[in-house]
Amino acid sequence: KLVSREFHPQPTVIDVDGIKIGDGSLVVMAGPCAVESKEQLLEAAQIAKAGGAQFIRGGAYKPRTSPYSFQGLEELGLKYLAAAREATGLKVVTEVTEVEAVPVVAEYADVLQIGARNMQNFRLLKEVGRIDKPVMLKRGLSATLDEWLNAAEYIMSEGNSKVIFCERGIRTYETYTRNTLDLSAVAAIKHLSHLPIVVDPSHGTGKWRMVKPMSIAAVAAGADGLIIEMHPNPAKALSDGPQSLTPESYKDLMQDVLKLSNFM
Ligand code: PEP
Ligand code: MN
């Protein structure tokens, strides 16, 4: 298989306009769960940049559990992300939730995110397989490693070999945390595949207090990057406030994580 180490023994390094993912350095993607307004996103991007991140994250198309929850600003949100890139130089990673939106998201994003709920949306996987932009593929809500690797294969088999895995926790019998962050997946994916893997400790735990310790553990386990939810004012966030870092806790996390990654 194209995704496997046997097929491609050397690690794949994905170059996003000069930012390398998978070359042994640590890449950080930070920002709010959802793009809520131009002001909120620009403020988040400035904080993300000052802390040392390379990417601004933020959903413009939101796959919400409830149909009554905020669904995202769609193309307007993409425009705010592009404005944040313009203002800060950060790259943009944002989710695409449906086949019809792939062209417009690809027009604005540097990396397209496939969310956990769409990991086995095979039409969507094939569609992003036909574009020339990196794709970050989140692990499904209860996906095995084999199912996840096969999802990446769907993208690669269409011609796009720039795939980044993202471990974001899986459903287990534990209910204290939102998901169970499976850091053993980092070591397993590194063995089974040549593709880079980043870790999302925000969705992986659902609790902001656990984001820093799990980020440190992810870096120690060999993750190529982190994707972190951070909001200028988490108490006012339209989604995922309880797992979002404040600007202060984000800065504190970055100081320790960058120290560790320099040491590794
Ligand atoms: C997100 O990154 O905001 C998100 C919806 O994540 P996931 O698909 O992992 O739930
Ligand atoms: Mn979120």
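What you see as residue numbers is a count from 1 along each chain, following the sequence as written. Each chain gets a letter, beginning with A, and each ligand a number, beginning with 1, in the order they are written. With pLDDT at 70 or above as the cut-off, local features in this predicted model cover only qualifying residues; side-chain atom pairs require 80 or more to be listed or tallied, and sums for whole chains, interfaces and linings still use all residues. Side-chain descriptors were evaluated using all non-hydrogen atoms of the structure, hydrogens and water having been removed beforehand.

1. What to know about the overall build of the protein
In step 1: From N to C terminus, the protein includes nine helices and ten strands.
In step 2: C-alpha atoms define the radius of gyration, and 2.2 Å times the number of residues to the power 0.38 defines the globule rule. Rg of the C-alpha trace for the protein: 17 Å, near the compact-globule value of 18 Å for 264 residues, within the 12% margin.
In step 3: For the C-alpha atoms alone, the extent of the protein along its principal axes is close to 45 × 40 × 40 Å.
In step 4: Across the 264 residues that make up the protein, the buried fraction comes to 56%.
In step 5: Each accessible area is a Shrake-Rupley estimate made with a 1.4 Å probe; only the visible protein chains count as cover when residues are assessed. Approximately 11200 Å² of the protein is accessible, and the part contributed by carbon and sulfur atoms is 52%.
In step 6: In this tally, Lys and Arg are treated as positive and Asp and Glu as negative; His is ignored, and so are the chain termini. Here the site of a charge means NZ on Lys, CZ on Arg, CG on Asp, or CD on Glu. Computed over 29 positive and 31 negative side-chain charges, the inter-centroid distance for the protein is 3 Å. Only runs of H or I of at least four residues qualify as helices and only runs of E of at least two qualify as strands under DSSP, and these elements are numbered from the N terminus. For every residue, the accessible area (1.4 Å probe, protein chains only) is compared with the maximum for its type, and the residue is labelled buried under 20%, exposed over 50%, or partly exposed between those bounds.

2. Some points on the coordination of the manganese ion (ligand 2)
In step 1: Water is not part of the atom set, so a site may look incomplete; the donors themselves are N, O and S atoms within 2.8 Å of the metal, or 3.2 Å for Na, K and Ca. Surrounding the manganese ion (ligand 2) are the protein donor atoms Cys33 (SG), His203 (NE2), Glu229 (OE) and Asp240 (OD), at 2.0 to 2.3 Å.
In step 2: Read from N- to C-terminus, the donor residues coordinating the manganese ion (ligand 2) fall into the pattern C-x169-H-x25-E-x10-D. You can see Cys33 sitting in the loop between strand S3 (27-31) and helix H1 (38-51) and its partner Glu229 sitting in strand S10 (residues 225-229), a full 196 residues away along the chain.
In step 3: For Cys33, a relative accessible area of 4% corresponds to the buried category.

3. What to know about the site of ligand 1
In step 1: The near set for a molecule or strand comprises every residue that places at least one heavy atom within 4 Å of it. Taken together, the residues surrounding ligand 1 are Cys33, Arg57, Lys62, Glu95, Gln113, Gly115, Ala116, Arg117, Lys138, Arg168, His203 and Glu229.
In step 2: Here an oxygen atom of ligand 1 and a side-chain polar atom of Gln113 are 2.9 Å apart.
In step 3: We define a polar contact as two N or O atoms separated by no more than 3.5 Å, with the added condition that, inside protein, one atom must be a possible hydrogen donor and the other a possible acceptor, whereas residues neighbouring each other in sequence contribute only through side-chain atom pairs. Arg117 is positioned such that a nitrogen or oxygen atom in its side chain is 2.9 Å from an oxygen atom of ligand 1.
In step 4: Look at ligand 1: alone it shows 290 Å² of surface, and the protein chains cover 96% of it.
In step 5: Lining residues are defined by having an atom within 4 Å of a point belonging to a cavity or pocket. Those points lie on a 1 Å grid over the protein atoms alone, cavities being sets where a 1.4 Å probe fits but cannot get out and pockets being open sets with protein on both sides within 12 Å along at least five of seven lines. Should more than half of a molecule's atoms lie within 2 Å of a pocket's or cavity's grid points, that molecule is taken to sit in it. With respect to the detected pockets, ligand 1 is housed in the largest pocket.
In step 6: Grouping the amino acids of the shell around ligand 1 by side-chain chemistry returns two nonpolar, three polar and seven charged. Gly is placed with the polar residues, together with every amino acid not listed as nonpolar (Ala, Val, Leu, Ile, Met, Phe, Trp, Tyr, Cys and Pro) or charged (Asp, Glu, Lys and Arg).

4. Re the pattern of salt bridges
In step 1: For salt bridges, the criterion is a side-chain nitrogen of Lys or Arg within 4 Å of an Asp or Glu carboxyl oxygen. For the coordinates displayed, the defined rule picks out 15 salt bridges.
In step 2: The salt bridge partner of Arg57 is Glu229, with a shortest N-O separation of 3.4 Å. One end of the pair, Arg57, is in strand S4 (residues 55-57); the other, Glu229, is in strand S10, and 172 residues separate them in sequence.
In step 3: For Glu229, a relative accessible area of 0% gives the class buried.
In step 4: Taking the shortest distance from any N to any O, the salt bridge between Asp132 and Lys162 comes out at 3.0 Å.

5. Description of the sheet that holds S10
In step 1: Pairing is parallel in the closed barrel, where eight strands are placed in the order S3-S4-S5-S6-S7-S8-S9-S10. Averaged over neighbouring strand pairs, the angle between their axes works out to 25° when direction is ignored. In this scheme, strands are said to pair when DSSP sees at least two bridges between them. For every element, the axis is a line fit to its C-alpha atoms; helices are fit only across the contacting stretch, and the angle between N-to-C directions ranges from 0 to 180 degrees.

6. Comments concerning the layout of surface pockets
By rolling a water-sized probe across the atoms, one finds the places where empty space is left.
In step 1: Grid points are joined across faces, edges and corners, and a volume is the space filled by probe spheres set on the points. Here the largest pocket defines a volume of roughly 270 Å³.
In step 2: Looking at the largest pocket, it is lined by 21 residues, and the ones nearest its centre are Lys62, Pro63, Arg117, His203 and Asp240.
In step 3: For the lining of the largest pocket, the element with the highest residue contribution is strand S5 (residues 91-95), accounting for three residues.
In step 4: Here the lining of the largest pocket is built from residues that sort into four nonpolar, eight polar and nine charged.

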